[in-house]
Amino acid sequence: MAEIRGEPSQLDVLLPRDLAAASTRLILTRWAAGAIVILATAASQRLLGIILPATGLYVIGLFILVYNTALSLLAQRAASPDPAVYLTRLRRLVVLQVGLDWLCMAVFLHLTGGITSPAIVFLLIHMLMVTILLPGVSSYLYVALGVGGLLVLAMLEASGALAHYTVLAALPSDLYRDPLFITSQIVFFAAAAFSTVTLATGIMGQLLNRERQISALFQTTRAVSSSLSLHEVLDQLTRNAARALSTAHSSIRLLDETGETLELAAAYGLSDAYQDKGPVELSHNPLAQEALAGKPAIVDEAADDPRLQYARQVLEEGIHSLVVVPIVGRSGPVGVLRVYADQPRRFSDADAQFVMTIARQGAVAIENAMAHEALKRAETERAQFVRTVTHELRSPVGGAQSLLRVLLQQMSGELSPSQQDIIQRVETRLDALMSLINDLLALAATTTSGFQEKPEAIALTAEVRSAFDLRATEAHEKNIELTFSPPSNDVWVRSSHEGLAHIFGNLIGNAVKYTPNGGRVSVAIEPRGARVATTIADTGIGIPEDELPKLWQEFFRASNAKKSGMVGTGLGLSIVKRRVEAYGGMISVQSRVGEGTTFSVTLPICPAPVS
Amino acid sequence: MANILIIDDDPDMVLATRLCLESGGHTVDSAGDPAEGLKKIKAKRPDLIVLDVMMDSATAGFQFALRLRGPDPDPAMAHLAKIPILMLTAIHSTTPLRFGPDDQYLPVDDFVDKPFEPETLLKKVNALLKK
């Protein structure tokens, strides 16, 4: 049989909180039991004048109260954050309780008349208790233990090996030695115990089953709402479907684009050999056809069901029965969910209906995840396309720029001043086109998955300084006072050289570009706790207040920047923002028209790399 | 005055480079792909090679340079490995494309960004020729 992942045995016991509640109830009841033993003994003796082995009974009553105190202390200490540990402790506590109770019960029966004791019926209650609390073990074992114990007690008393106490004076004094009485007591008791326990086991089984189904449905609902990964969703669904029906094998097959082949999309507890059994084509697979037509298909015995496409492989896998249900999405069936069992005739119509419910929930999750993945793919393709196009655009523009520059340098002969002016204008337009292409390329690169830069720890000061130095000439030409305040200790940020060069090159470049002659641009790096803020403040033209929120939009340029005659694409800041956010940082801006603008980039500090 | 070979598949780029270098007094020949380039290098042994990065593949220029003077050079071409190579590239300044550690060692002498500033190109060419 295939390797079974998951932990099916856990499903056969009560949930920890139920077991804990039952254990608490048992302890509370036992206080009453202990007290009643003592009080009833006293009352029987004093008020009714019944002759009892009172000392022994008082001792039992006290013993019950003492061990109950110990148990309630143990119960308080059983709590553990690990549910598996908690469950184990609770189970041990219950076994201990049951063991002590049965011991007391045996002694109590002996002291109240053995086989003639009117308290025999209490033994039934004890059997019922274990059936409910420890459903993992066969309840008939407890019946055998109880009946056997009673028989041994009766035999020991009858043979004289153990003293006999007659409690009810009205009964014949040698009744406990009468074989017919002993036999009838034992037989009737056994019959009562057997039927009580059978009924209880049945009810408990149903309850556990219901509990398992509710839990599986709950898990499915949670999976539907918590994940957009198709792989995770399918994995959860197969697991939940198998658990809900208490089996260890299930699978999901989804229809491919042709709508003819069902591709394996997820498998739970199935061997690799079985998973690779071959293609499941609708035309050769009557079971899948039935299911996709909308109704579940049940196979009771794989050995003699002609509807199986891979009967030999199914039997080799040890599978005897299976249920196949459709997974129906908004626009029709998308696949099938199958649950397998090692035994024949495992699945009822109710089981099939229940798996249908899970499949219905699953269909929503599968469709959402598929849509999400298609969206992501489309996004990547779009960015790839933009990248290819921009690369193709760069070559001709670059060629033209190079030719014009050579021409302007008079390297191919003299130019008249008016020719020079025209070529200068063409060159300016081409430069603008080239920067637009470069920005588009950078924008595409920030959105193309699979083309992401690998972030590494980079010393911030050097990167900001080189972006700063690049603008020194321009600032000098415009008589702008350019100042840089590095931090006293350098900090590292998880980023890339290109990214930082782009972020600070753009922000410092803009500051110099939009600051009139004689102005000031100051750049400062200030570590603030776990983050580092780099501010770029200028005394430039500023940004109108109502336009600030649109500043990060692609292709947006402030109205006064457009009027200034400066060339720009309106892409720079939106790329800067994406990059800053990709590094886990934030960017903010403050500005007043005519006074200046301050950009602040806050990035998380990371540890210095070990070199 | 030197003999310079331009290897580039973009004829406009070849023309621009040629005009620029000729105005500096150099003699210029060109090849449109790496194979033709290799033939001309063997036949004429130029004083300097101006090499484009992206030709028929995105890294054709790198591969060509590695063939000439990589860590495992072709012995038949050992005498050609001393020719200085100036690489024309649009890759390293404007795109996030980066090559892995194995490609970091690029056996070229200098880079010029595309589109180039004619003065920068001439300056770098002359500097390499003086070496």
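Structure: see above.
Bear in mind that the values here come from a model prediction, so they are computed numbers and not experimental data.

Asker: Where do I start with the overall build of chain B in this structure?
Answerer: A count of helical and extended segments in chain B gives 6 helices and 5 strands. Along its sequence from the N terminus, chain B presents helices and strands in the succession β-α-β-α-β-α-β-α-α-β-α. Counting the 131 residues in chain B, one finds 48% classified as buried. Of the contacts made within chain B by residues no fewer than 6 positions apart, 68% connect residues no fewer than 24 positions apart. Accessible area for chain B stands at about 6400 Å²; split by element, carbon and sulfur atoms hold 53% of it.

Asker: Teacher, can you tell me more about helix α3 (residues 60-69) of chain B here?
Answerer: An α-helical segment advances 3.6 residues per turn. Residues three or four places apart therefore align on the same side. Residues and elements named next belong to chain B. The element α3 is extensively covered by neighbouring structure, given that 7 of its 10 residues are classed as buried. Taken as a whole, α3 has its buried residues at Ala60, Gly61, Phe62, Phe64, Ala65, Leu68 and Arg69. Lining the buried residues of α3 we find β1 (3-7), α2 (34-44), β3 (48-52), β4 (85-89) and β5 (110-113).

Asker: Would you mind showing me how to read helix α7 (residues 230-244) of chain A here?
Answerer: Residue and element names in this part refer to chain A. For α7, which comprises 15 residues, the first-to-last C-alpha distance of 21 Å matches the rise-based estimate of 21 Å (1.5 Å per residue) to within 8%. By the burial criterion, the buried members of α7 are Leu230, Val233, Leu234, Leu237, Thr238, Asn240, Ala241, Ala242 and Ala244. Close packing links the buried residues of α7 with α6 (179-226), β1 (249-255), β2 (261-268), β6 (332-341) and α11 (349-408). Backbone geometry just downstream of α7 places serine 246 in the positive-phi region, at approximately 55 degrees.

Asker: Hey, could you run me through the environment of valine 328 of chain A in this one?
Answerer: All names here are of chain A. Here valine 328 shows up in strand β5 (residues 321-329). Owing to a relative accessible area of 40%, valine 328 belongs among the partly exposed residues under this scheme. The spacing of valine 328 and valine 364 is 36 residues in sequence and 8.6 Å in space, taken between C-alpha atoms. Residues contacting valine 328, with those up to four places away along its chain left out, are Pro333 and Ala363.

Asker: Is there a simple way to explain unusual backbone geometry in this structure?
Answerer: Generally, phi is negative for residues other than glycine and the peptide bonds are trans, each holding for most cases. The step from lysine 114 of chain B to proline 115 of chain B runs through a cis peptide bond, and the omega angle for that step is -5 degrees. One can find proline 115 of chain B in the loop between β5 and α6 (118-130). Unusually for a residue other than glycine, serine 246 of chain A sits at a positive phi of about 55 degrees. Tracing the sequence through the fold places serine 246 of chain A in the loop between α7 and β1. Judged by relative accessible area, which is 30%, serine 246 of chain A ranks as partly exposed. Phi at arginine 45 of chain B is positive, roughly 40 degrees, even though this residue is not glycine. Considering the arrangement of structural elements, one finds arginine 45 of chain B in the loop between α2 and β3.

Asker: Any chance you could explain the sheet that holds β6 of chain A here in plain terms?
Answerer: To summarise the sheet geometry, strands pair through backbone hydrogen bonds and adopt either a parallel or an antiparallel arrangement. Residue and element names in this part refer to chain A. The strand order across the open sheet built from 6 strands is β3-β2-β1-β6-β5-β4, with neighbouring strands paired in antiparallel fashion. At either end of the open sheet lies a strand with only one pairing partner, and these are β3 (280-281) and β4 (297-299). Lying over the sheet, α11 contacts β1, β4, β5 and β6, oriented at roughly 40 degrees with respect to β5.

Asker: Quick question: what am I supposed to make of the nonpolar core here?
Answerer: Most often, soluble globular proteins keep nonpolar side chains buried together rather than apart. Residues and elements named next belong to chain A. Judged by nonpolar contacts, the single largest core of 47 residues is most densely connected at Phe108, Leu109, Ile115, Met127, Leu133, Leu150 and Phe189. For this core, the elements supplying multiple residues, two or more each, are α1 (16-46), α2 (54-77), α3 (83-111), α4 (121-133), α5 (139-158) and α6. With 11 residues, the top contributor of residues to this core is α3. Counting residues in each nonpolar core, the second largest holds 39 residues, with Ala475, Tyr514, Ile525 and Phe599 among its members.

Asker: What am I meant to see in the sheet that holds strand β2 (residues 27-31) of chain B here?
Answerer: Residue and element names in this part refer to chain B. Strands sit in the order β2-β1-β3-β4-β5 across an open sheet of 5 strands; the sheet is parallel. Each edge of the open sheet is held by one strand with a lone partner, namely β2 and β5. Here the strands of the sheet are splayed against their neighbours by 20 degrees on average, with no regard to which way each runs.

Asker: Quick question: what am I supposed to make of a nonpolar patch on the surface here?
Answerer: There is a patch of nonpolar side chains on the surface, built from Val121, Phe122 and Ile125 of chain A and spanning about 280 Å² of accessible area. Here isoleucine 125 of chain A shows up in helix α4.

Here is what the cut-offs are and how they apply
Residues numbered from 1 in each chain as written. Chains lettered and ligands numbered in written order. Predicted model: local features only at pLDDT ≥ 70, side-chain atom pairs only at ≥ 80, totals over all residues. Heavy atoms only, no water. Helix = DSSP H or I, 4+ residues; strand = E, 2+ residues; numbered from the N terminus. Buried < 20%, exposed > 50% of the residue type's maximum accessible area, 1.4 Å probe, protein only. Contact = heavy atoms within 4.5 Å. Areas by Shrake-Rupley, 256 points an atom, 1.4 Å probe, with all protein chains shown as cover. Expected span 1.5 Å × (residues − 1). Pairing = 2+ DSSP bridges. Axes fitted to C-alpha atoms, helices over the stretch in contact; angles between N-to-C directions. Core = buried A, V, L, I, M, F, W, Y, C linked by side-chain atoms within 4.5 Å. Patch = residues over 30% accessible without salt bridge, like charges linked within 9 Å, V, L, I, M, F, W, Y side chains within 5 Å. Salt bridge = Lys/Arg side-chain N within 4 Å of Asp/Glu carboxyl O.

Coordinates in, geometry out; function isn't part of it.
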